[in-house]
Amino acid sequence: MTNPAARAVTIEGMNKFYGGFHALKDINLTVDPGEKVVVCGPSGSGKSTMIRCINRLEEHNSGLIEVLGTPLNDDVGNIDEIRREVGMVFQHFNLFPHMTVLENCVLAPMLVRKTPRAQAEAAAMKYLEKVRIPEQAQKYPGQLSGGQQQRVAIARSLCMGPKIMLFDEPTSALDPEMISEVLDVMVSLASDGMTMICVTHEMGFARRVADRVIFMDRGEIVETADPETFFTAPKNERTQQFLAQVTGH
Amino acid sequence: MSDVARHAVSGQPAPPGIGERLRKDYFRSPQQALISILGLGFFAWILWTVANWAIFSAVFDGDASPEECRAASGACWTVIAQRWRIILFGLYPFEEQWRSALACVTVVAMVVLSCLPSSWTGKRLAAIWLIGTALFYVLMKGGLLGMPLIGEERWGGLALTLFIFVTTCLIGFPLSIVLALLRRSELPVISKGIGLFIDAVRSLPLLSILFAFAVVVPFMLPQWLQAGKLYRVIFGAALFFAAYQAEIIRGGMQGVATGQSEAAKSLGLGYWQRTSRILLPQAMRNALPATINQFVISFKETSLVIVVGFFEILASGNAAYGTGDWTFAYREVYAFIALIYFVFVFSLSRYGAYLERRMAVGEL
């Protein structure tokens, strides 16, 4: 079982290679339950790879990853257990196009947690209301806008009752006018006390919600700071450059 | 509001009338008009020739003699009236042919039932196929309930064609899914091995595979492993079907975005859950047009079993005109058989089109 008193995520000395390419270098990171961490950095800096290691969508090559007290290793049982407790929202939503919104939401609770259908549907409707989209429950993903699809994807993850939510650039594929509807949902999720690790370029969101901002570049964590310090007095030169680029306009 | 008024309101031009459209599409220039008229004339000539042969100058009297028939300039449908039982039932004993007819109805009912979206659950499909196949087998083979035993070597005609087709698909389709999944295995030994196997089967002609299973396999396998010749041939055809269909399904799988499997993993779904609920349903949608094509080809390829001594519908047709007085009436027999093939294959194609329309809405 996962240990409720444990840290949400512990990463120590973690390295990841793609062939000869050193994608993640000696990553150390701890996230406490309820904490909101925003990860930013230029593209190719390894931020997506890092959070994808947390639920084993990518395999790390060395070092330690512990999620809710369970070590992430070759034990398939551990991987399954961690994935049940860790939700993930993707850049391209990845809803299942051959199922209705409601089916998307009840699938995993019914298959993985063996929740009876009626109960799973009731829970799904509760979360669809939370992301303000209950009226679309019977539609197919292809009939929804990008912003709506991403909100459904968040609801689908929440239906598993995760203790940690990972967001991998959730607004990067959206038209500008749809970004705020997704960020609003994420802000309300944060205020409910969810543990969140978000890879995002939305600096406004980071300022408002994050307990900590992490800056990554070339596979390394370059700087970690609270948002106030991070945006007003970044120490590292690369951080300063990056911030000048994303906030310069 | 009339059409014209509505268009006047919306500011759209009124759609052209039918005469206007014809003129625009087919008679825009003198050359185009000439080609249109020639084409139309050619088409009308073919239609007239066929209709004249098949209907206007044809003999429809079921009791006409071969001489009367020969005298007519058109088709002699008398041969069908007199020999349809041989075409449909082959060498199956005359008094028992009702069983063969009932068996055909069983197969058709089984296929229609399993094509209905409401039967698409594992349990229902399994029940339909199990009951359908058992019913077919009992009807055809007999040996119980007062029905005399009739061995597979005397099965023939449409019943045999349908039986070979359906069993080939029932064995070949699940096998193709297994092959396609194994070919995607992360273990190179398995994926390469299966790839080699598929390529090997695909590089052999179906005829040689049928020969091998009918004639060569008995020398290689111990007695207790040898099923009857018909079942060996069906297994060979199923293997051939599976090799092609596996590649079609693999193509369909490649069209499923990797994000789909990642999303399923992140939700905690295991390999079989991901495969059965996320990967295969979408892969099958992508592969549907090619799959229908494969079914159509397999249906028509059942006629190849003639070379290993089975009288499916085409071979039975040969027998129907080949004996006695009707040797001149081969055209009519082949036209009749072509019509039977057409009814089955065309239904299959229309069903495929229906599925594609359904999928366009997302409901599959």
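An unreviewed UniProt entry lists chain B under the name General L-amino acid transport system permease protein, from Paracoccus isoporae.

Per an unreviewed UniProt entry, the recorded name for chain A is General L-amino acid transport system ATP-binding protein, and the organism is Paracoccus isoporae. Regarding chain A, the relevant UniProt record gives this comment under Sequence similarities (unreviewed entry): "Belongs to the ABC transporter superfamily."

1. Quick look at the overall build of chain B
In terms of helices and strands, chain B carries 15 helices and 1 strand. In terms of overall size, chain B is more extended than a compact globule, its C-alpha atoms giving a radius of gyration of 26 Å where 364 residues would be expected to give roughly 21 Å. Dimensions of chain B along its principal axes, counting C-alpha atoms only, are 70 × 70 × 40 Å. Looking at chain B residue by residue over its 364 residues, the buried ones come to 42%. A sequence separation of at least 24 residues applies to 66% of the contacts in chain B between residues at least 6 apart. When the accessible surface of chain B is totalled, it reaches about 19,800 Å², and 69% of it is carbon and sulfur. Within chain B, one finds 29 positive and 21 negative side-chain charges whose respective centroids are separated by 11 Å.

2. A word on the packing of helix H5 (residues 78-89) of chain B against helix H8 (residues 157-183) of chain B
All names here are of chain B. In the contact formed by H5 and H8, the axes pass within 3 Å of each other and the chain directions differ by 20 degrees. Relative to H8, H5 is oriented roughly parallel. Contacts between H5 and H8 involve Ile-87, Leu-88 and Phe-89 from the former and Gly-157, Leu-158 and Ala-159 from the latter. In terms of residue class, the contact of H5 with H8 is built from 5 nonpolar, 1 polar and no charged.

3. Section: helix H12 (residues 258-266) of chain B
For H12 of chain B, every residue scored as buried is listed here: Gly-259, Gln-260, Glu-262, Ala-263, Ala-264 and Ser-266 of chain B. Along its buried surface, H12 of chain B packs onto helix H1 (47-54), helix H2 (76-85), strand S6 (86-89) and helix H5 (146-158) of chain A together with helix H13 (271-301) of chain B. Directly beyond the C-terminal end of H12 of chain B, a positive phi value near 90 degrees is found at Gly-268 of chain B.

4. Some details on the UniProt feature "domain: ABC transporter" (unreviewed entry) in chain A
The feature "domain: ABC transporter" (unreviewed entry), as annotated in UniProt, sits at residues 9-243 of chain A in this numbering. The span residues 9-243 of chain A is 40% helix and 26% strand, and its two end C-alpha atoms sit 27 Å from each other.

5. Remarks on the state of the cysteines
Tallied over the entire structure, the rule returns 0 disulfides over all chains. This cysteine, Cys-198 of chain A, is not joined by any disulfide, and Cys-40 of chain A carries the nearest cysteine sulfur, 11 Å off. Relative accessible area serves as the criterion here: at 2%, Cys-198 of chain A is assigned to the buried category. The thiol of Cys-115 of chain B is unpaired, and the distance to the nearest cysteine sulfur, on Cys-169 of chain B, comes to 11 Å.

6. Focus: the sheet that holds strand S4 (residues 62-67) of chain A
Residues and elements named next belong to chain A. Pairing is antiparallel in the open sheet, where 4 strands are placed in the order S2-S1-S4-S5. The open sheet has two free edges, formed respectively by strand S2 (21-31) and strand S5 (70-71), since each of these has just one partner strand. Relative to S2, strand S1 (residues 9-18) is paired through 7 bridges, and the arrangement is antiparallel. Residue pairing across strands places Met-14 opposite Ile-27, the latter belonging to S2.

7. What to know about the UniProt feature "transmembrane region" (unreviewed entry) in chain B
All names here are of chain B. With numbering aligned to this structure, UniProt lists the feature "transmembrane region" (unreviewed entry) at residues 33-56, 98-116, 128-151, 157-182, 203-224, 230-246, 302-321 and 333-353. Counted over residues 33-56, helix gives 100% and strand 0%. Its end C-alpha atoms are 31 Å apart. The span residues 128-151 is 58% helical and 0% strand by assignment, and the distance between its end C-alpha atoms comes to 25 Å.

8. Some points on the interface of chain A and chain B
Each partner contributes residues to the interface: chain A has 22 residues there, and chain B has 21 residues. For the pair chain A and chain B, the two sides together bury roughly 1,900 Å², of which 61% comes from carbon and sulfur. When the area that chain A buries against chain B is broken down by residue, the three leading residues are Arg-83, His-98 and Leu-111 of chain A, summing to 31%. A salt bridge links Arg-52 of chain A to Glu-262 of chain B, with the shortest nitrogen-to-oxygen separation between them at 2.7 Å. Of all elements in the fold, only S6, helix H3 (101-112) and H5 of chain A reach the threshold of two or more residues within the side of chain A that touches chain B. In the side of chain A that touches chain B, the residues fall into 14 nonpolar, 4 polar and 4 charged.

9. Side note on the domain arrangement of chain B
Splitting chain B by domain gives domain 1 (16-56) and domain 2 (94-316). Distance from the C-alpha centre of domain 1 of chain B to the C-alpha centre of domain 2 of chain B: 44 Å.

10. Regarding the nonpolar core
Membership of the largest hydrophobic core comes to 85 residues, with the highest contact counts inside it found for Trp-155, Leu-230 and Met-253 of chain B. Once you skip the residues sitting within four places of it in the chain, Trp-155 of chain B turns out to touch Tyr-92, Phe-136, Tyr-137, Met-140, Lys-141, Ile-150, Leu-160, Phe-163, Leu-230, Tyr-231 and Phe-311 of chain B. In terms of nonpolar packing, the next biggest core, distinct from the first, is built from 50 residues, Cys-105, Ala-153, Ile-154 and Ala-225 of chain A among them.

About the cut-offs
Residues numbered from 1 in each chain as written. Chains lettered and ligands numbered in written order. Predicted model: local features only at pLDDT ≥ 70, side-chain atom pairs only at ≥ 80, totals over all residues. Heavy atoms only, no water. UniProt positions renumbered as here; feature names shortened; annotations may be inferred. Helix = DSSP H or I, 4+ residues; strand = E, 2+ residues; numbered from the N terminus. Rg over C-alpha atoms; globule rule 2.2 N^0.38 Å. Buried < 20%, exposed > 50% of the residue type's maximum accessible area, 1.4 Å probe, protein only. Contact = heavy atoms within 4.5 Å. Areas by Shrake-Rupley, 256 points an atom, 1.4 Å probe, with all protein chains shown as cover. Lys, Arg positive; Asp, Glu negative; His and termini not counted. Charge placed at Lys NZ, Arg CZ, Asp CG, Glu CD. Axes fitted to C-alpha atoms, helices over the stretch in contact; angles between N-to-C directions. Parallel < 35°, antiparallel > 145°, perpendicular 65-115°, else oblique. Nonpolar A, V, L, I, M, F, W, Y, C, P; charged D, E, K, R; others polar. Disulfide = S-S within 2.5 Å. Pairing = 2+ DSSP bridges. Buried area = accessible area lost by both parts, 1.4 Å probe. Salt bridge = Lys/Arg side-chain N within 4 Å of Asp/Glu carboxyl O. Domains from an automatic or database assignment. Core = buried A, V, L, I, M, F, W, Y, C linked by side-chain atoms within 4.5 Å.

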